[in-house]
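Summary of structural features
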Amino acid sequence: MLPEVGNLFKRALAPYHKFPKLMTGFVILMFLPVLFIGMTKFSLDLIRLVYGVVSLNSMLWVIGSVLMSLVSLWFTLAYMVAFADIDSGKMPEKIPIYLKRTRNLIAPAFGLTILVGLIVLGGFILLIIPGIIFS
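Our subject in this report is the structure included herewith. (Residues numbered from 1 in each chain as written. Predicted model: local features only at pLDDT ≥ 70, side-chain atom pairs only at ≥ 80, totals over all residues. Heavy atoms only, no water.)

1. Some details on the overall build of the chain
- When its secondary structure is counted, the chain shows five helices and zero strands.
- Scaling as 2.2 N^0.38, a compact globule of 135 residues should have a C-alpha radius of gyration of about 14 Å, whereas the chain reaches 21 Å, well beyond that.
- Per-residue burial for the chain yields a buried fraction of 21% across its 135 residues.
- The contacts of the chain with a sequence gap of at least 6 include a subset with a gap of at least 24, amounting to 72%.
- Only carbon and sulfur atoms are counted for the fraction: they give 77% of the accessible area of the chain, which is about 10,100 Å².
- Side-chain charges in the chain split into 11 positive and 5 negative, and the spacing between the mean points of these groups amounts to 6 Å. (Helix = DSSP H or I, 4+ residues; strand = E, 2+ residues; numbered from the N terminus. Rg over C-alpha atoms; globule rule 2.2 N^0.38 Å. Buried < 20%, exposed > 50% of the residue type's maximum accessible area, 1.4 Å probe, protein only. Contact = heavy atoms within 4.5 Å. Areas by Shrake-Rupley, 256 points an atom, 1.4 Å probe, with all protein chains shown as cover. Lys, Arg positive; Asp, Glu negative; His and termini not counted. Charge placed at Lys NZ, Arg CZ, Asp CG, Glu CD.)

2. Description of the side chain of Thr102
- Mapping Thr102 onto the fold places it in the loop between helix H4 (95–101) and helix H5 (106–134).
- For Thr102, a relative accessible area of 0% puts it in the buried group.
- Reaching out from Thr102, the side chain makes a polar contact with the backbone oxygen of Tyr98 at a distance of 2.9 Å.
- Look past the residues within four positions of Thr102 in its chain and what remains in contact with it is Trp74, Leu77, Ala78 and Val81. (Polar contact = N/O pair within 3.5 Å; in protein donor to acceptor, adjacent residues only side chain to side chain.)

3. Describing the pattern of salt bridges
- Scanning the model with the defined rule gives three salt bridges in all.
- We note a salt bridge from Asp87 to Arg11, for which the minimum N-O separation is 2.8 Å. Residue Asp87 is located in helix H3 (residues 55–87), and its partner Arg11 is located in helix H1 (residues 5–18); the two are separated by 76 residues in the primary sequence.
- Between Arg101 and Glu93 there is a salt bridge, with the nearest N and O atoms lying 3.7 Å from each other. (Salt bridge = Lys/Arg side-chain N within 4 Å of Asp/Glu carboxyl O.)

4. Quick notes on H1
- Given a rise of 1.5 Å per residue, 14 residues ought to cover 20 Å, and the 20 Å separating the end C-alpha atoms of H1 matches this to within 8%.
- Approximately 30° is the largest bend angle found in H1, and it occurs at Ala12, with the proline Pro15 only one to four residues beyond. (Expected span 1.5 Å × (residues − 1). Bend = angle between axes of the 7 residues up to and from the residue.)

5. Observations regarding a nonpolar patch on the surface
- On the surface, a nonpolar cluster with roughly 1,300 Å² of combined accessible area is contributed by Phe110, Ile114, Leu118, Leu121, Phe124, Ile125, Leu127, Ile128, Ile129, Ile132, Ile133 and Phe134.
- Among the secondary structure elements, Ile132 is positioned in helix H5. (Patch = residues over 30% accessible without salt bridge, like charges linked within 9 Å, V, L, I, M, F, W, Y side chains within 5 Å.)

6. Focus: the packing of aromatic side chains
- Per the stated rule, a full pass over the model turns up five aromatic pairs.
- A ring pair is formed by Tyr16 and Phe83, whose centres lie 6.5 Å apart and whose planes are at 55°; its orientation type is tilted. Here Tyr16, found in helix H1, pairs with Phe83, found in helix H3; they are 67 residues apart in sequence, far enough to count as distant.
- Note on Tyr16: relative accessible area 32%, which makes it partly exposed.
- Measuring from centroid to centroid gives 6.2 Å for Phe26 and Tyr98, while their planes differ by 55°, and the two rings are tilted. Here Tyr98 lies in helix H4 and Phe26 lies in helix H2 (residues 20–51), a separation of 72 residues in the sequence. The pair Phe26 / Tyr98 is uniform in exposure class, with both members buried. (Phe/Tyr/Trp six-rings, centres within 6.5 Å; stacked < 30°, edge-to-face > 60°.)

7. A word on the nonpolar core
- Ranked by internal contacts, the top residues of the largest apolar core, which has 13 residues, are Leu22, Phe26, Leu29, Ile95, Tyr98 and Leu99.
- Of all the secondary structure elements, the ones that give two or more residues to this core are H2, H3 and H4.
- Here the element with the most residues in this core is H3; it accounts for six residues.
- The contacts of Leu29, once residues within four sequence positions are left out, are Phe75, Ile95 and Leu99. (Core = buried A, V, L, I, M, F, W, Y, C linked by side-chain atoms within 4.5 Å.)

Fair warning: the whole summary comes from geometry, so function is off the table for now.
Below is the structure:
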């Protein structure tokens, strides 16, 4: 039997009511990589306009984006572990402890993300090519 929608919302919002400081810290933490990517893009665009350096600019932006994506994945994993602890009734710990606990999960999660992306791409190709053939 499926749970009621109202109960799902109450259960999802309960950690924010019980531990607002911890949850606000995670929200800010997950915003930092996005802010850094935006500031890097702005700075590199400014460098490109002033000095005309394009190839180094693009390479630095790609490297920075990949690194910040990994950092964002790490922060999201820590948030999920904290949320699971709260949902199971455990007392939550501090954010640095969750970051230490999830440090070893970054590579498997990144590998899983790549694998899922390849599966979705393969499914998309298998959907499009037969459509073209049959049409």
